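Letter by letter, the chains look like this.
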Amino acid sequence: MDEGGSRIIRRVSLRKRNRPSLGSVCAAPAAAELKPGNVEDEEMVAGSRRRKTVGVQPVEYDSEEDMFGDYDSFTENSFLAQVDDLEQKYMQLPEHREHDTDLAIEDLCSESIKDSKLNITTVDNFTALKTDEPTKNQCGQEDVAIEPGTDLLYDVPSSQVLYFENLQNSSNDWGNQFTKEKDWNSSSHQTVNEELSHSCIEQPQQNDQSSSEVRTSSDTTRRKSLKDHLKSTMTGNAKAQTPVFSKTKQLKETLLSEEINVAKKTLESSSDDRGPFYSLPSKVRDLYVQFKGIEKLYEWQHTCLTLNSVQERKNLIYSLPTSGGKTLVAEILMLQELLCRRKDVLMILPYVAIVQEKISGLSTFGMELGFFVEEYAGSKGRFPPVKRREKKSLYIATIEKGHSLVNSLIETERISNLGLVVVDELHMIGAGSRGAVLEMTLAKILYTNKTTQIIGMSATLNNVEDLQEFLQAEYYTNQFRPVELKEYLKINDEIHEVDSKAENGITFSRLLNYKYSDTLKKMDPDRLVALVTEVIPNYSCLVFCPTKKNCENVAEMICKFLSKEYLKHREKEKCEVIKNLKNIGGGNLCPVLKRTIPFGVAYHHSGLTSDERKLLEEAYSTGVLCLFTCTSTLAAGVNLPARRVILRAPYVAKEFLKRNQYKQMIGRAGRAGIDTVGESILILQEKDKQQVLELINSPLENCYSHLVQEFTKGIQTLFLSLIGLKIATNLSDIYHFMSGTFLGVQQKILLKEKSLWEITVESLSYLTEKGLLQKDTIRKAEKEVEYNFHITKLGRASFKGMIDLAYCGILYRDLKKGLEGLVLESLLHLIYLITPYDMVFLYDPDWMIYFRQFSQLSPAEQKVAALVGVSESFIGKKASGQAIKKKVDKDIVNRLYLSFILNTLLKETNIWSVSEKYNMPRGYIQNLLTGAASFSSCVLHFCEELEEFWVYRALLVELTKKLTYCVKAELIPLMEVTGVLEGRAKQLYNAGYKSLMHLANANPEVLIKTVDHLSRRQAKQIVSSAKMLLLEKAEALQEEVEELLRLPSDFPDTVASPIEKA
């Protein structure tokens, strides 16, 4: 080795050899070179990469000496020998012995620390460590610039790596960050390293007496002491398994945090530079590429996101054709609010299925970016929502649950925490009672919190000016579609293309070229077989039919005339679909689906159970099924696009098609990224030709407020909640609020007979008469009298439970009567009390089945029937067709029949067997179950506000859970995860995943192998949803703990003495 510097040695992993220059890495080679300023050459050490030691199992030895053997011998050329030489040379000078020995040790340690510091590089090319300028160490020695990627510990054996890392840890706070995340499994090596750190870094402050004692001590003892320390450390480190620090994770989190801080600043500033990805961290862009395959936004999306109105957080309505990519813009705005502005977000969607689909899709983003995704649909949702300590929440809700959520936030004075509200399918504001509820929700937000931004989107909006005035919003529209859509009409055998430039709106395109036999012509007069076979099986096709029965008939008819070649297309996967349908049906399978699925065809309507629909949708999305015959509800539901969309007739049930419905259906044509063109074909008869031509050329229908039309669910419910939440409590304030509603904007169009003021006065009088409000008189002046309103207990219970005011009185009476003789030996009495009133009229009982089921009731259940006023003799007479003189309330009789169905369902937990027993479509039974679970949740909130109904509270909590899941108890924890229905829960349970924790810790790749018919995307969504739910529960418990330990705000600071009190 040259005197002026260190020789660079590149080591080969675990090879036995002499290491003559190890000391040169960490210790001074000669006494002359230890002077300050001469260490520069000494630090010209190896700049190669550090050898990976992770994953190497530690080897046990019988003795410490055997552990090192020839590889790390304690001989003259070893590291310890270098230390010995160092000490011997400096101990020769008494006056410098103490100081210089300490300096040498300090140099040795500072070198090690410095090396460790420089070794902290990022993984996966996240950050490159660069040292551009030389720096000074503790002793004034100058460091050498080191190239990126170099590693000074490459030359050090694996047994020593931990030693140097610990030296570095004891000199700064690096180690403190890691120890928060990782648990060091071996306490022995930690203790040893602490001792070494103290021996190396602490400089002893000794007086003259201690100095003389040191001089008289033998040099051997001093050298042995240091040697023992180092040898002990080497031994401990060699025995201990190197802890694995997730530096990648830590540095990624640090970078994400920094990017979010930058994004916050850019949002607050007026700069044009909006951050890496629309004011969001670059990680968001990476997640969209990874999970959704979106690499670049459409031009309209970029334009919309960079609008001044969006940057200034003004309310916005935007409208584009179906499949144009509206949702992505909303998601980016939501992420900006959650991550950068640190506010909660509410997203309102029209249907439960879409809520669950969106929850599954965004849970992964929540896990990666650190926010909660909470479901508010059906009976799910917490009121008020959990108040989070740090992370923000994205609430995804149906229209009704969104309204309840906003009410609870206003009541708890937390509405200011809601930064953004996104409404999908904004045109639903004109859809009956649900539209009235949506209008109430938005009006309350506008009135109570001016800082909450509202974003509305739709594909079918016409009278946008009214909506703009109501929401005080800007408007953006674009006709962009990622896939071109061509519209056709089929009249007899002729196909005409819709052309707005043509005289009558259509131009002839082609004749159908398909050889039809006489039999086929009779069976398929509309030539559906010819139209679908042009597309399937290589492309997908949707056939919209007017009725549910027509869906099933068309599916069977098409399959009768398809060739046997269609059976071979993805045959094995179609067999899997049939097998899974049998499993979720408890061995039952619809005979129509059994015949059609082998051809790749299935029907899709509300007559299917949720499990069946989900399974068929998954099969269609993956291309196993290529044709759906469906009703119009699919157009407004989950996203299932197709190459060709066929409308069987211009009717929905018996009503002629509306322009909005038509646009939604044909909007499913064309799959972005798959198809180059989408086609829609409307089949019509000559008699409907003129109406259809008007339909395709007419504008979209206008949206109108339904607050007045839906009297009990609309304006009355609104007034009750306004007074209950103290938003407005007197007539003038209530009228002022009403002027800002959608109804207030449209009052000149909608209110012809009575003014808005008159309707307001009448509604308040009606609520007062019903005992839901009380009126107080306040005198403002001698002649001026103002009325203030306050809500009664019954009124508060009604609006808290979201009970239709048409039924709140009868519900109160039923619950009151139930207390007189509540039967708890069976669930039937409780089930009767929560059976939805509005479903009683939808289905008439089969009297023979009713009588048969009545005769099988247990004594306790017969007692329930007697208590509600239905006798067996009455049902027997109805079944035999006899005349009945005694008057019996038909609603009670029908409601009890529905209670029988629900009671049987909870006992058997099999929709198929109950469907057969009561001769009812399984889809109707599924809807009854869902409605009962939701109404049970409403009745529970109703009872929570009335002290007299305390007994119902605990009972209804459990009943609501039973109705929500309607499965065996062991499957309920799995079904709490969004998107996991009964069939999937059974598969997971049988595969060994029996709890939420099991799912949260599952490996998606293992799930795919152990669970049939589960795609990689679905597996990842299940795992991320489970993790999200587990985090939510943990956070809620943590919040509860902190609340318990927090000092009360009204806690008295001082206690008065008895004398002071006197």
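Above this text you will find the structure in question.
Everything quoted here is computed from the prediction, not taken from an experiment.

Novice: Looking at this model, I keep getting lost on the overall build of the chain. Mind explaining?
Specialist: Within the chain one finds 50 helices and 19 strands. When burial is assessed residue by residue, the chain has 52% of its 1062 residues classed as buried. Long-range pairs, those at least 24 residues apart, make up 72% of the contacts in the chain between residues at least 6 apart in sequence. As displayed, the chain has an accessible area near 51000 Å², and 49% of this comes from carbon and sulfur atoms.

Novice: What is the right way to look at unusual backbone geometry in this model?
Specialist: Glycine aside, residues mostly have negative phi angles, and peptide bonds mostly take the trans form. Cis geometry marks the peptide bond from F383 to P384; its omega dihedral reads -10°. Its location among the elements puts P384 in the loop between β3 (372–376) and β4 (393–397). Unlike most non-glycine residues, E413 shows phi in positive territory, near 55°. Along the chain, E413 turns up in the loop between α17 (399–411) and β5 (418–424). Using a relative accessible area of 71% as the deciding quantity, one classes E413 as exposed. Within the chain, C966 stands out as a residue other than glycine whose phi angle is a positive 45°. Locating C966 in the fold gives a position in the loop between α44 (950–965) and α45 (972–975). Here C966 falls in the buried class, since its relative accessible area comes to 7%.

Novice: Hey, could you run me through the nonpolar core in this one?
Specialist: Across soluble globular proteins, nonpolar side chains have a tendency to be buried as a group. Counting residues in each nonpolar core, the largest one holds 120 residues, and the members touching the most others are L442 and M738. In terms of residues, this core owes the most to one element, helix α43 (residues 922–944), which gives 12 residues. The residues touching L442, leaving out its near neighbours within four places in the chain, are V421, V423, L426, I429, I454, F470 and L471. Of all hydrophobic cores here, the second largest spans 75 residues; its members include C541, L562, A635 and V645.

Novice: Mind showing me how you'd approach the side chain of E552 here?
Specialist: Here E552 is to be found in helix α22 (residues 548–560). Despite its burial, E552 remains without a salt bridge, the nearest opposite charge being carried by K549 at 4.2 Å. When neighbours within four sequence positions are excluded, E552 is seen to be in contact with V592, Y603 and H605.

Novice: Is there a simple way to think about the layout of surface pockets in this case?
Specialist: There is about 1100 Å³ of room inside the second largest pocket. Taken together, 33 residues make up the lining of the second largest pocket; nearest its centre are S379, K380, G381, R382 and Y965. Residue assignment for the lining of the second largest pocket shows that the elements contributing at least two residues are α16 (352–369), β3, α43, α44 and α49 (1016–1045). Here the lining of the second largest pocket gets eight residues from one element, more than from any other, and that element is α49. Viewed by domain, the lining of the second largest pocket spans two of them, domain 1 (282–477) and domain 4 (805–1044), each represented by three or more residues.

Novice: I'm lost on the packing of aromatic side chains in this one. Help?
Specialist: Two aromatic rings, taken as a pair, are described by how far apart their centres are and by the angle between their planes. One pass over the full model with this rule turns up 24 aromatic pairs. Judged by centre distance (5.6 Å) and plane angle (85°), the rings of Y850 and F900 are edge-to-face. One end of the pair, Y850, is in helix α38 (residues 847–855); the other, F900, is in helix α41 (residues 890–908), with 50 residues separating them in the sequence. Three or more aromatic residues joined by ring pairs make a cluster, and in this case those are W847, Y850, F854, F874, Y897, F900 and Y918. A cation over an aromatic ring shows up here: K391 above the ring of F372, its NZ or CZ 5.5 Å from the ring centre. We note R895 situated over the ring of Y837; from NZ or CZ to the ring centre the distance is 4.0 Å.

Novice: Even after reading the chapter, I still don't get helix α18 (residues 432–448), so can you show me in this structure?
Specialist: Count 3.6 residues to each turn of an α-helix, and residues three or four apart come out pointing the same way. Spanning 17 residues, α18 covers 25 Å between terminal C-alpha atoms, matching the ideal 24 Å at 1.5 Å per step. Burial analysis of α18 places 13 of its 17 residues in the buried class, the great majority of the element.

Novice: Looking at this model, I keep getting lost on the sheet that holds β5. Mind explaining?
Specialist: Strand pairing in a sheet relies on backbone hydrogen bonds, with the paired strands running either antiparallel or parallel. Pairing within the open sheet is parallel, and its seven strands lie in the order β3-β4-β2-β5-β6-β1-β7. What marks the edges here is a single partner per strand, and that holds for β3 and β7 (473–477). Averaged over all pairs of adjacent strands, the angle between strand axes in this sheet comes to 15°, irrespective of strand direction. Note that strand β1 (residues 315–319) and strand β6 (residues 453–458) share four bridges and pair parallel. If you follow Y318 over to β6, its bridge partner there is M457.

Novice: Help me out: how do you make sense of the sheet that holds strand β8 (residues 484–491) in this one?
Specialist: Pairing is mixed in the open sheet, where eight strands are placed in the order β10-β9-β8-β17-β14-β11-β13-β12. Two strands close off the open sheet at either side, each with one partner strand: β10 (506–511) and β12 (601–604). For this sheet, the mean inter-axis angle between neighbouring strands, taken without regard to orientation, is 25°. Two strands pair when backbone bridges link them, and β8 and strand β17 (residues 677–684) are joined in this way by eight bridges, in the parallel orientation. Within β17, the position partnered with K490 by the bridge is I683. Helix α28 (residues 659–666) contacts β8, β11 (541–544), β14 (644–647) and β17 of the sheet and is inclined by roughly 145° relative to β14.

Novice: When you look at the pattern of salt bridges in this model, what are you seeing that I'm missing?
Specialist: A side chain of one charge can pair with a side chain of the opposite charge when the charged atoms of the two come close. One pass over the full model with this rule turns up 34 salt bridges. Between K283 and E368 there is a salt bridge, with the nearest N and O atoms lying 3.3 Å from each other. Note that K283 is positioned in helix α12 (residues 282–292) and E368 in helix α16, a separation of 85 residues in sequence. What makes E368 partly exposed here is its relative accessible area of 36%. Of the charged contacts in the structure, one is a salt bridge between R570 and E573, with a shortest N-O distance of 2.8 Å. Given the relative accessible area of 30%, R570 is considered partly exposed. For E573, a relative accessible area of 33% corresponds to the partly exposed category. Each of E411, R796, K800 and E945 takes part in one network of salt bridges that share partners.

Each value, and the rule that gives it
- Throughout this document, residue positions are counted from 1 along each chain, in the order its sequence is written.
- The predicted origin of the model limits local features to residues at a pLDDT of at least 70 and limits the giving and counting of side-chain atom pairs to 80 or more, whereas totals for whole chains, interfaces and linings rest on all residues.
- Side-chain metrics in this entry use all non-hydrogen atoms of the structure; hydrogen atoms and water are not considered.
- Helix numbers and strand numbers start at the N terminus; a helix is a DSSP run of H or I with at least 4 residues, a strand a run of E with at least 2.
- The buried label goes to any residue with under 20% of its type's maximum accessible area, the exposed label to any with over 50%, and the partly exposed label to all in between, with areas taken from a 1.4 Å probe on protein chains only.
- Any two residues having at least one pair of non-hydrogen atoms within 4.5 Å are treated as being in contact.
- Working definition of accessibility: Shrake-Rupley area with a 1.4 Å probe, residue cover restricted to the visible protein chains.
- For this analysis, a nonpolar core means a set of buried residues of the types Ala, Val, Leu, Ile, Met, Phe, Trp, Tyr and Cys, connected via side-chain atoms within 4.5 Å.
- In this tally, Asp and Glu contribute negative charge and Lys and Arg positive charge; neither His nor the terminal groups of the chain are included.
- Salt bridges are defined by distance alone: a side-chain nitrogen of Lys or Arg within 4 Å of a carboxyl oxygen of Asp or Glu.
- Each cavity reported here is a set of points on a 1 Å grid over the protein atoms alone in which a 1.4 Å probe fits but cannot get out, each pocket an open set with protein on both sides within 12 Å along at least five of seven lines, and each lining residue one with an atom within 4 Å of a point.
- Grid points are joined across faces, edges and corners, and a volume is the space filled by probe spheres set on the points.
- For each domain, the first and last residues come from an automatic or database assignment.
- Between 30 and 60 degrees the pair is tilted, below 30 it is stacked and above 60 it is edge-to-face, where a pair is any two Phe, Tyr or Trp rings, Trp via its six-membered ring, whose centres lie within 6.5 Å.
- Criterion for a charge above a ring: Arg CZ or Lys NZ at most 6 Å from the ring centre, at most 35 degrees from the ring normal.
- Each helix should span, by expectation, one fewer than its residue count multiplied by 1.5 Å.
- Here the rule is simple: two strands pair whenever DSSP picks up at least two bridges between them.
- The angle between two axes is taken between their N-to-C directions and runs from 0 to 180 degrees, where each axis is a line fitted to C-alpha atoms and a helix contributes only its stretch in contact.

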